[in-house]
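# Coordinates in review
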Amino acid sequence: MSLKVTFDLADADLEHFRLIMREARDVAKDKPRDEILASAEALLVEVRGAQVPDFVSIRLERIQLLVDMLRDEEWKLPAEESTRVLNALAYFSEPEDLIPDHVPGLGFLDDAIMVELVNRELRHEIEAYRDFCDYRTAEESRRSQLGKPIDEVTKEEFLASRRAALHARIRNRRSRERQRRRRSGGRSPFSLLP
């Protein structure tokens, strides 16, 4: 039997997570990119080795997608978007949590909440990256079925056009969101990242 539990985060709760994210970014700003990525992956290893509730492990596995997005040499995420993803991962590279990770059953709950907030904040980047991966896989499969080898020049050509379109889509969607917020006079409750 499973039980569904939901809760709402009030503005004060969200502000607390924004503050924590800002602090993590400030601490991580002097850390090398690879160190932040390695720390996020180390957290995943720790979670996989611990007994955590499914709702926590499912959410924390989403961190891997963010790491992959930055390490994928074919994706070539532009600097602005790359910085946003790296800033999000900064929280997960900090050993000091709101709830210490060693607390049985609840230690990764704050991390799971932050992943949920980060995923909402980076939804355009995540959707575009998933689309790119799907496109790459489908194109490689199609070429394989046709019996045509994929040389690197041809592969880069077909990926470059799709990548450019998806990068533009990220920027356009974020720009439209900012315009909607300005018109409504409000700020997104999920504004964790600059």
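Residues numbered from 1 in each chain as written. Predicted model: local features only at pLDDT ≥ 70, side-chain atom pairs only at ≥ 80, totals over all residues. Heavy atoms only, no water.

## Quick notes on the nonpolar core
Note the threshold: Side-chain atoms within 4.5 Å are what join buried Ala, Val, Leu, Ile, Met, Phe, Trp, Tyr and Cys residues into a set we call a nonpolar core. For every residue, the accessible area (1.4 Å probe, protein chains only) is compared with the maximum for its type, and the residue is labelled buried under 20%, exposed over 50%, or partly exposed between those bounds. In DSSP terms, a helix is any run of H or I states spanning at least four residues, a strand is any run of E spanning at least two, and both are numbered starting from the N terminus. Only heavy atoms enter the contact rule, under which two residues are in contact if any of them lie within 4.5 Å.
The biggest cluster of nonpolar side chains holds 48 residues, and the ones touching the most others in it are I63, W75, L89 and F92. By residue number, the principal contributor to this core is helix 5 (residues 79–92), which donates seven residues. In this structure L89 touches I36, L37, A40, I63, L66, V67 and L70, once residues within four positions along its chain are discounted.

## Thoughts on the pattern of salt bridges
Worth spelling out the cut-off: In the sections that follow, a salt bridge refers to a side-chain nitrogen of Lys or Arg positioned within 4 Å of a carboxyl oxygen of Asp or Glu.
Tallied over the full model, the rule gives 19 salt bridges. Its salt-bridge partner being R59, residue E116 comes within 2.8 Å of it at the nearest N-O pair. Within this pair, whereas E116 is found in helix 6 (residues 109–121), its partner R59 is found in helix 3 (residues 54–60), the two being separated by 57 residues in sequence. In this structure, E74 engages R136 in a salt bridge whose closest nitrogen and oxygen atoms are separated by 2.6 Å. With E74 in the loop between helix 4 (62–71) and helix 5 and R136 in helix 7 (residues 123–146), this residue pair connects regions lying 62 residues apart in the sequence. Among the charged side chains, a salt-bridge network with shared partners connects E80, E81, R84, E121, E125, R174 and R178.

## Some details on the side chain of H124
Our working rule: In protein, a polar contact requires one atom able to donate a hydrogen and another able to accept it; more generally it is a pair of N or O atoms within 3.5 Å, and residues adjacent in sequence count only if both atoms are side-chain atoms.
Structurally, H124 can be placed in helix 7. A distance of 2.8 Å separates the side chain of H124 from the side chain of E177, its partner in a polar contact. Discounting chain neighbours no more than four positions away, the residues touching H124 are I170, R173, R174 and E177.

## Comments concerning the packing of helix 2 (residues 33–49) against helix 5
Under the convention used in this document: A fitted line through C-alpha atoms represents every axis, and for helices the fit uses only the stretch in contact; the resulting angles, taken between N-to-C directions, go from 0 to 180 degrees. Note on terminology: angles under 35 degrees are roughly parallel, angles over 145 are roughly antiparallel, angles of 65 to 115 are roughly perpendicular, and the others are oblique. Should the near helix be turned anticlockwise from the far one by less than a right angle, the crossing is left-handed, and should it be turned clockwise, the crossing is right-handed. Residues are sorted three ways: Asp, Glu, Lys and Arg are charged, Ala, Val, Leu, Ile, Met, Phe, Trp, Tyr, Cys and Pro are nonpolar, and all the rest, Gly among them, are polar.
Where helix 2 meets helix 5, the closest approach of the two axes is 9 Å, and the angle between their N-to-C directions is 50 degrees. Relative to helix 5, the element helix 2 is oriented oblique. Once helix 2 is placed against helix 5, the crossing between them reads as left-handed. Across from R33, I36, L37, S39, A40 and L43 in helix 2, the residues of helix 5 making contact are L86, L89, A90 and F92. Here the residues of the contact of helix 2 with helix 5 are counted per class, giving eight nonpolar, one polar and one charged.

## Some points on the packing of aromatic side chains
How two aromatic rings sit relative to each other is set out by the distance from centre to centre and by the angle between their planes. Just so we agree on the cut-off: Aromatic contacts are taken between Phe, Tyr and Trp rings whose centres are within 6.5 Å, Trp giving its six-membered ring; a plane angle under 30 degrees counts as stacked, one over 60 as edge-to-face, and the others as tilted. Working rule: Lys NZ or Arg CZ, within 6 Å of ring centre, within 35 degrees of ring normal, means a charge sits over the ring.
Tallied over the entire structure, the rule returns three aromatic pairs. Considering the side-chain rings of W75 and F132, the 5.0 Å spacing of their centres and the 45 degrees angle between planes classify their relative orientation as tilted. Within this pair, whereas W75 is found in the loop between helix 4 and helix 5, its partner F132 is found in helix 7, the two being separated by 57 residues in sequence. Residue classification places F132 among the buried residues on the basis of a relative accessible area of 0%. Across from the ring centre of Y135, 5.6 Å away, lies the NZ or CZ of R162, which sits over that ring.

## Brief notes about the side chain of D72
Considering the arrangement of structural elements, one finds D72 in the loop between helix 4 and helix 5. Within polar-contact distance, the side chain of D72 engages the backbone nitrogen of E74 at 3.0 Å. When residues no more than four places from it in sequence are discounted, the contact partners of D72 are Y129, F132, C133 and R136.

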